[in-house]
Amino acid sequence: MSTLEIRNAVLAYAGHVVAKELSLSFVRPEVVSIIGPNGSGKSTLLKALGRLLVPTQGAVYLNGQNMQKLSVNATAKELSVLPQSAQAPGDMTIRDLAMCGRMPYQSALSAVGAEDARAVEKALKATGLLQMQHRRLDKLSGGERQRAWLAMAIAQEPKILLLDEPTTYLDIHYQLELMELVRRLHKELNITVIMVMHDLNHAARFSQRLIAVKNGKIMADGSVAEVFTKETLESLYDVSVEILDAGAGEFQQKVCFPYKAGKI
Amino acid sequence: MAVFSTAAYEDTRARVRGSVMLTGSLLLILLMAAGITAGTAEVSMQEIVDIAMGAIHTENYTIIYHLRMPRVLCGALSGANLALAGCILQGMLRNPLADPGIIGVTAGAGLAAMALMLVAPELTSLVPFAAFGGALAAVTAVFLLAWDHGVHPLRMILAGVALAAFFGGGQTALSVFYAERIQGTVTWLAGGFGGAGWQHVRMILPYSLVGIFAALCSYRRLNALQLGDEVASSLGIDVQKSRVFLIILSALLAGSAVSVAGLLGFVGLIVPHIMRLTVGSDFEFLLPASAIFGALLLVGADTAARTIFNPIEVPVGIFLSFLGAPFFLYLLKRRLR
């Protein structure tokens, strides 16, 4: 198990400050969704947590150590980030992509070891891609391709997995499939999953904790029951919403029904 | 059933890659031998073997040892270097149309060599050094122009284009001011191995050995960079450091090739591109295949260029363009269909 913390961070893009005084901590394996309006800084926050963006002030701590002081490689063994819409050459196979996840464990000339093969096998099995591991990426559906990227991240054997809007461009079937996969990976591998989510109902259903970000500030941080409320969502998105109970049989959940832009 | 078919796929891919490398290597050896044998003076294989073993008093010793051997070696090394440089740049910049020209190598080498030949014709023997210096100076300039908290691919390409235009202007200015001396530079600018000797081999060899080794060791970095900066960084690759390293590496490879071969623009673009279509985009195979076929292409083209139209020797650069461009277009068209 690994811990991740961001303390008093200022995040800036090209000299433009996006977020100030950010502090968050992730100390146990859980599924966390970061929600918030466009341009609120949620992707920037995820980048900072994943070491893709260095805070201009403050720092990110991985297992209590300042991440900037760790080697990139050491970070990569603990933490994996999947950016939105990553692209790979179409002639790569699923297995090739998964094998890339082993890079932090390999040196310039080392051969692929038994440990690498085992981790890749496990990642392919976990994502349900073992049977089609030799398929080319350009022959896959959007959902399969997203799972292939997830297989790469899992082959890295991270303790913390960061996903930036993993369900974008997927239809509802693949969205559900992917979210169920994320939940299963969290349970089976006992890892922390932190993801930026656009779909509030997926966020509420598949995560244990929600972080609401607006204008570069943390507006709310807590369990789904605490954050997924009419008051919070209305002021977060500046909309009018109603929280409803909905479901079918054993699948019962709270859903948010936004019915008007702006508050009535 | 599914397991069987995927294993078969893996087999075909490995077989294609293996046979491409093997055929390439064999063809390269054959072509190098042919390059030494072919020409106005007929020589036998036996004589070549004797000379390679150290015999020095055979009939055609001077021609073979001092003219053809270094020429073939220069061709092979420049070809491998240019193709590797192009291969690295295409991967690093994530742009299939990148070639060594894009980092200013061609423009810098061209201007420096031309300036030396026109302004101080008595120093013409120093042209390779001037070209190498010009190439490295241009790369440094492109680098500094493109640097802003790291090298961004698009900025790099724009800086390269701007610098090429600037240096091209310099070349035009030189050819206007020294119009009466321009004759001698034209051949060099067209690219070729006409005057290649052992001093040229000695010049390119160290860069080739180090460069080829370093390039072949960089396949994992390049594979990672191919997935985008953020993924590469998430995989534990220091993106900026890798870029700097790879730019320096391709500059040395291309610069040393241009210094002995003149402006051979096409190899660095077309060879990696064709190899990507045949062995795929995994740099573990793409790099060695590019090196082999780059060498093969230049040795073959040079031999053809100086024998087919005998006794006229066509500069290999011209030969390559007329041969390569249509083939390249054919490939693109086939691929787009």
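Residues numbered from 1 in each chain as written. Chains lettered and ligands numbered in written order. Predicted model: local features only at pLDDT ≥ 70, side-chain atom pairs only at ≥ 80, totals over all residues. Heavy atoms only, no water.

Asker: When you look at the overall build of chain B in this model, what are you seeing that I'm missing?
Answerer: When helices and strands are tallied, chain B shows 14 helices and zero strands. Counted from the first residue to the last, chain B has its helices and strands arranged as α-α-α-α-α-α-α-α-α-α-α-α-α-α. The C-alpha atoms of chain B give a radius of gyration of 21 Å, which matches the 20 Å a tight globule of 337 residues would have. Taking the intrachain contacts of chain B between residues at least 6 apart in sequence as the baseline, contacts between residues at least 24 apart amount to 76%. Counting every atom, chain B has about 15000 Å² of accessible surface; 71% of that belongs to carbon and sulfur. Looking at charge distribution, chain B has the averaged site of its 19 positive side-chain charges lying 8 Å from that of its 17 negative ones. (Helix = DSSP H or I, 4+ residues; strand = E, 2+ residues; numbered from the N terminus. Rg over C-alpha atoms; globule rule 2.2 N^0.38 Å. Contact = heavy atoms within 4.5 Å. Areas by Shrake-Rupley, 256 points an atom, 1.4 Å probe, with all protein chains shown as cover. Lys, Arg positive; Asp, Glu negative; His and termini not counted. Charge placed at Lys NZ, Arg CZ, Asp CG, Glu CD.)

Asker: Looking at this structure, I do not really get the sheet that holds strand E4 (residues 57–62) of chain A. What am I missing?
Answerer: Strand-to-strand pairing in sheets goes through backbone hydrogen bonds, with the strands running parallel or antiparallel. Residue and element names in this part refer to chain A. If you trace the four strands from one edge of the open sheet to the other, you get E2-E1-E4-E5, paired in antiparallel fashion. The sheet is open, and its two borders are formed by strand E2 (16–26) and strand E5 (65–66), each paired with just one other strand. Along the sheet, helix H1 (residues 42–49) makes contact with strand E1 (4–13), E2 and E4, crossing E1 at roughly 125 degrees. (Pairing = 2+ DSSP bridges. Axes fitted to C-alpha atoms, helices over the stretch in contact; angles between N-to-C directions.)

Asker: What exactly am I supposed to notice about the packing of aromatic side chains here?
Answerer: Remark: the centre distance and the inter-plane angle together describe each pair of aromatic rings, the angle taken between the planes. Residues and elements named next belong to chain A. Taken as a whole and assessed by the stated rule, the structure comprises four aromatic pairs over all chains. The side chain of arginine 7 reaches across the aromatic face of tyrosine 61, ending 4.0 Å from its centre. In this structure, arginine 102 packs its charged tip against the face of tyrosine 105, placed 4.1 Å from the ring centre. (Phe/Tyr/Trp six-rings, centres within 6.5 Å; stacked < 30°, edge-to-face > 60°. Lys NZ or Arg CZ within 6 Å of the ring centre and 35° of its normal.)

Asker: Before we go on, may I ask you to explain the sheet that holds strand E9 (residues 209–214) of chain A in this structure?
Answerer: Residues and elements named next belong to chain A. Spatially, six strands are ordered E6-E7-E8-E3-E9-E10 in an open sheet, and the strand pairing comes out mixed. Looking at strand neighbours, the two that pair on one side only are strand E6 (79–82) and strand E10 (217–223), the edges of this open sheet. Direction aside, the axes of adjacent strands within the sheet are offset by 15 degrees on average. As paired strands, strand E7 (residues 160–164) and strand E8 (residues 192–196) are joined by five bridges and run parallel to one another. What sits directly across from leucine 163, in E8, is methionine 195. Strands strand E3 (31–35), E7 and E8 of the sheet are contacted by helix H6 (residues 172–189), whose axis makes an angle of about 150 degrees with E8.

Asker: I tried to follow the pattern of salt bridges on my own but got confused; where do I start?
Answerer: All names here are of chain A. A full pass over the atoms with the stated rule returns 25 salt bridges over all chains. Between arginine 136 and aspartate 138 there is a salt bridge, and its shortest N-O distance comes to 2.8 Å. The class for arginine 136 is partly exposed, based on a relative accessible area of 27%. Residue class for aspartate 138 comes out partly exposed when judged on its relative accessible area of 39%. Taken together, the salt bridges that share partners define one network made up of Arg102, Glu115, Asp116, Arg118 and Glu157. (Salt bridge = Lys/Arg side-chain N within 4 Å of Asp/Glu carboxyl O. Buried < 20%, exposed > 50% of the residue type's maximum accessible area, 1.4 Å probe, protein only.)

Asker: How do you make sense of the environment of B:Val244 when you look at a structure like this?
Answerer: All names here are of chain B. Looking at where valine 244 falls in the secondary structure, it is placed in helix H11 (residues 239–261). Exposure remark for valine 244: the relative accessible area of 23% places this residue in the partly exposed category. For the pair formed by valine 244 and glycine 150, sequence separation is 94 residues and the distance between their alpha carbons is 8.6 Å. If we ignore the near neighbours within four places in the chain, the residues touching valine 244 are Phe143 and Trp147.

Asker: What exactly am I supposed to notice about the nonpolar core here?
Answerer: For soluble globular proteins, the rule of thumb is that nonpolar side chains tend to be buried together. By size, the foremost hydrophobic cluster in this structure holds 156 residues, and its most contacted members are A:Ile35, A:Leu150, A:Met152 and B:Leu227. With 16 residues, the single largest contributor to this core is helix H3 (residues 61–92) of chain B. For B:Leu227, the contacting residues outside a window of four places in its chain are A:Gln87, A:Ala88, A:Pro89, A:Met92, A:Leu97, A:Cys100, A:Trp149, A:Met152, B:Arg94 and B:Leu235. By size, the runner-up hydrophobic cluster in this structure holds 27 residues, among which are A:Ala9, A:Val60, A:Leu79 and A:Leu162. (Core = buried A, V, L, I, M, F, W, Y, C linked by side-chain atoms within 4.5 Å.)

Asker: Would you take a moment to explain the interface of chain B and chain A for this structure?
Answerer: Accessible area lost on assembly of the parts is the figure often given for the size of an interface. Between chain B and chain A, the contact holds 26 residues from the first and 36 residues from the second. Across the chain B/chain A interface, buried area totals approximately 2400 Å², and carbon plus sulfur atoms make up 58% of it. Our enumeration of links across chain B and chain A arrives at two salt bridges. Linking A:Lys47 and B:Glu230 is a salt bridge whose minimum nitrogen-to-oxygen distance equals 3.7 Å. Within the residue set of the side of chain B that touches chain A, elements represented by two or more residues are helix H1 (2–37), helix H8 (198–217), helix H9 (219–225) and helix H10 (229–234) of chain B. Looking at which element gives the most residues to the side of chain B that touches chain A, the answer is H1(B), with seven residues. Looking at side-chain class alone, the side of chain B that touches chain A contains twelve nonpolar, eight polar and six charged residues. (Buried area = accessible area lost by both parts, 1.4 Å probe. Nonpolar A, V, L, I, M, F, W, Y, C, P; charged D, E, K, R; others polar.)

Asker: Any chance you could explain the environment of B:Pro70 here in plain terms?
Answerer: Residues and elements named next belong to chain B. Along the chain, proline 70 falls in helix H3. Judged by its relative accessible area of 0%, proline 70 falls in the buried class. A sequence separation of 50 residues divides proline 70 from valine 20, and the C-alpha atoms of the two residues are 26 Å apart. In contact with proline 70, not counting residues within four places along its chain, are Ile64, Tyr65, Ala196, Gly197, Trp198 and Val201.

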